[in-house]
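# Descriptive structure summary
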Amino acid sequence: MSWNMAEPLAERLRPRTLDDYIGQQHLVGEGAVLRKMIDAGRISSFILWGPPGVGKTTLAQIIAHKLETPFYTLSAVTSGVKDVRDVIERAQKGRFFNEASPILFIDEIHRFSKSQQDSLLGAVEKGVVTLIGATTENPSFEVIRPLLSRCQIYVLNSLGKDDLLNLLHRAITEDIILKERKIELQETGALLRYSGGDARKLLNILELVVEAASSTEPIVINDQLVAERLQQNPLAYDKDGEMHYDIISAFIKSIRGSDPDAALYWLARMIEGGEDPKFIARRLVISASEDIGLANPNALLLANAAFDAVQKIGWPEGRIPLAEATVYLATSPKSNSAYLGVDAALELVKRTGNQPVPLPIRNAPTQLMKDLGYHDGYIYPHDYPGHFTPQQYMPDALVNERLWHGQHSPVEEKLYERMVNYWGDRYKE
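Residues numbered from 1 in each chain as written. Predicted model: local features only at pLDDT ≥ 70, side-chain atom pairs only at ≥ 80, totals over all residues. Heavy atoms only, no water.

For the rest of this paragraph, the subject is the nonpolar core. Taken as a class, soluble globular proteins show a tendency for nonpolar side chains to be buried jointly. One finds Leu178, Ile183, Leu191, Leu203, Leu206, Ile221 and Val226 to be the most contacted residues of the largest nonpolar core, which totals 28 residues. Sorting the residues of this core by element identifies helix H1 (9-12), helix H9 (161-174), helix H10 (189-195), helix H11 (199-212), strand S7 (219-221) and helix H12 (223-232) as the ones contributing at least two each. By residue number, the principal contributor to this core is H11, which donates eight residues. Other than its neighbours up to four places away in sequence, Val226 contacts Ala190, Leu191, Tyr194, Ile205, Val209 and Ile221. Core analysis: the next-biggest nonpolar cluster, separate from the first, contains 24 residues, Ile47, Leu74, Phe112 and Leu131 among them. (Core = buried A, V, L, I, M, F, W, Y, C linked by side-chain atoms within 4.5 Å. Buried < 20%, exposed > 50% of the residue type's maximum accessible area, 1.4 Å probe, protein only. Helix = DSSP H or I, 4+ residues; strand = E, 2+ residues; numbered from the N terminus. Contact = heavy atoms within 4.5 Å.)

Bringing unusual backbone geometry into the picture now. At the junction of Trp315 and Pro316, the peptide bond is cis and its omega measures out at -5° in the coordinates. When you line up the elements, Pro316 lands in the loop between helix H16 (298-313) and helix H17 (319-331). If you check the backbone angles, Glu108 has positive phi at about 55° while not being a glycine. Locating Glu108 in the fold gives a position in the loop between strand S3 (103-107) and helix H6 (114-126). Taking relative accessible area as the criterion, Glu108 reaches 25% and is therefore assigned partly exposed.

Before going further, it helps to spend a moment on helix H14 (residues 260-272). Over its 13 residues, H14 runs 18 Å from end to end, which matches the ideal 18 Å to within 8%, given 1.5 Å per residue. Considered for burial, the residues of H14 that qualify are Ala262, Ala263, Leu267 and Met270. For H14, the arc enclosing every buried residue in end-on projection is 140°, short of the 170-degree limit, so these residues lie on one face. Every exposed residue of H14 that faces more than 90 degrees away from the buried side is listed here: Asp261 and Glu272. The N-cap of H14, judged by a side-chain oxygen 3.2 Å from the amide nitrogen of Asp261 a few residues on, is Asp259. (Expected span 1.5 Å × (residues − 1). Arc of directions from axis to C-beta. Polar contact = N/O pair within 3.5 Å; in protein donor to acceptor, adjacent residues only side chain to side chain.)

If you walk across this open sheet you meet the five strands as S2-S3-S4-S1-S5, and the pairing is parallel. The open sheet is flanked by strand S2 (71-75) and strand S5 (152-155), the only strands paired with a single partner. Each strand of the sheet is rotated relative to its neighbour by a mean of 20°, with strand direction disregarded. Of the strand pairs in this sheet, S2 and S3 are connected by five bridges, and their pairing is parallel. Across the sheet, Phe71 pairs through a bridge with Ile103, a residue of S3. Running at roughly 170° to S3, helix H4 (residues 56-67) makes contact with strand S1 (46-49), S2, S3 and strand S4 (130-135) of the sheet. (Pairing = 2+ DSSP bridges. Axes fitted to C-alpha atoms, helices over the stretch in contact; angles between N-to-C directions.)

Glancing now at the side chain of Ser195. Following the sequence through the fold, Ser195 ends up in helix H10. Classification of Ser195 by relative accessible area gives buried; the value is 0%.

Another point: H4. With 12 residues, H4 should cover 16 Å at 1.5 Å per step; its first-to-last C-alpha distance of 17 Å lies within 8% of that length. Along H4, the residues classified as buried are Lys56, Thr58, Leu59, Ala60, Ile62, Ile63, Ala64 and Leu67. Looking at the buried positions of H4, the neighbouring elements they touch are helix H2 (25-28), helix H3 (33-40), S1, S2, S3 and S4. At the C-terminal side of H4, Glu68 shows a positive phi close to 55°.

As a further point, take the pairing of S3. The element S3 is largely enclosed, with a buried count of four among its five residues. Alignment of S3 against S4, held across five bridges, turns out to be parallel. Across the sheet, the residue bridging to Asp107 is Ala134, located in S4.

This part covers the pattern of salt bridges. All told, the structure shown has 15 salt bridges when counted by the stated rule. Glu108 is the salt-bridge partner of Arg111, the closest N and O atoms lying 2.9 Å from each other. Overlapping salt bridges, with partners in common, bring together Asp19, Glu30, Arg35 and Asp39 in one network. (Salt bridge = Lys/Arg side-chain N within 4 Å of Asp/Glu carboxyl O.)

Looking now at a nonpolar patch on the surface. A cluster of nonpolar side chains, contributed by Tyr378, Tyr380 and Tyr393, occupies part of the molecular surface with about 300 Å² of accessible area. Of note, Tyr378 is situated in the loop between helix H19 (367-371) and helix H20 (410-423). Overall, the relative accessible area of 32% leaves Tyr378 in the partly exposed class. (Patch = residues over 30% accessible without salt bridge, like charges linked within 9 Å, V, L, I, M, F, W, Y side chains within 5 Å. Areas by Shrake-Rupley, 256 points an atom, 1.4 Å probe, with all protein chains shown as cover.)

Within S4, six of the six residues are buried, which leaves the element mostly enclosed by the surrounding structure. Here four bridges tie S1 to S4, and the two strands are oriented parallel to one another. Residue pairing across strands places Phe46 opposite Ile132, the latter belonging to S4. A crossover links S3 with its parallel partner S4, the connecting element being H6, and its sense is right-handed. (Right-handed = clockwise from strand over helix to strand, strands pointing away.)

Structure follows, in structure tokens:
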């Protein structure tokens with residue numbers, strides 16, 4: 001294999017086979033879903049969803065090499081509808097009878113416009129190409145429904161400690177340049193911490209540390225050395241925006257922690273870094289639901305209004321409604337009772353299965369259902385003082401289960417008191 005000495009370390013170490021591929025064993029390990037398809041020699045269209053640096057592009061390339069099928073690549077950032085149609089036409093002309101469909105790999109497919117995605121539909125549906133998309137964003141939000149229905153979604157995870165240590169060992173023992181240097185990994189904590197489960201970031205940091213060292217002296221890598229190198233060149237390991245997830249995490253945690261100054265700082269970092277405003281706005285809507293919740297229901301309305309405003313006005317003015325929502329959410333009282341409540345309900349459903357709906361609250365659109373007792377005994381709350389009267393809504397087996405627990409904020413205290421007045425002992429903590 002020939003090597004380009006000018007290539008970055010991450011590119012030189014890119015795996016060429018599944019045996020060299022690190023991580024994602026739930027997809028490519030023995031007996032896993034993608035491994036079975038690859039071994040069978042036929043794959044269907046799918047989208048790989050996961051954070052940066054976990055092997056999405058690499059996996060697509062390995063699949064194409066293994067299947068010995070033509071491999072076309074488009075970047076959603078630089079390609080238009082014409083580019084998509086040109087590739088599809090080339091794939092159609094170059095395909096032989098009964099040969100596996102060429103693979104069309106689209107990086108950052110979440111950035112494709114609706115018209116670009118529409119232009120893919122026919123080719124994917126007819127099998128002219130097998131689509132492999134890669135995205136760091138939830139495809140449910142960013143990929144049109146017709147295309148989504150034609151693709152499986154496979155989730156890739158951040159790499160674990162053992163995977164990252166394996167990658168470090170491979171880098172210093174197998175890379176054509178690093179194996180000629182005397183490198184000792186005395187400590188790896190800082191390398192792992194700064195990488196955040198991102199293989200590319202890890203290798204970028206390692207390369208930065210090695211390049212800054214003397215070419216003749218042995219290199220002893222420890223946590224202090226890594227921290228010093230990154231402080232001197234803090235953006236060197238972030239060439240492709242891999243801090244995306246770190247920054248949004250800091251942003252959301254600042255809002256949750258009621259620190260508007262910090263929240264505005266991280267918002268500014270995202271704006272300056274060229275972050276997609278819709279990505280920020282979506283996180284604000286999630287934060288309003290998850291962290292403010294019933295303590296201030298207006299937070300969700302404002303966050304949703306900010307999302308709508310950003311889509312209408314774009315940059316640079318979009319920063320203003322984003323800032324307004326950020327400050328409002330950070331300074332709002334906090335409650336996660338609805339978030340905890342729905343998770344508790346989901347856990348209860350998984351644990352108890354499909355419990356039957358009580359007969360009085362079943363729908364009865366037919367005479368047969370009425371004869372069977374559906375809806376019989378239902379009490380209409382609006383016919384009673386205060387629009388409430390006690391009756392059973394939970395399945396028989398779960399009648400005493402509590403899922404929502406009111407928290408201590410002025411708004412939520414009133415909601416809780418109302419439930420105590422309605423239901424008595426059931427809601428007394």
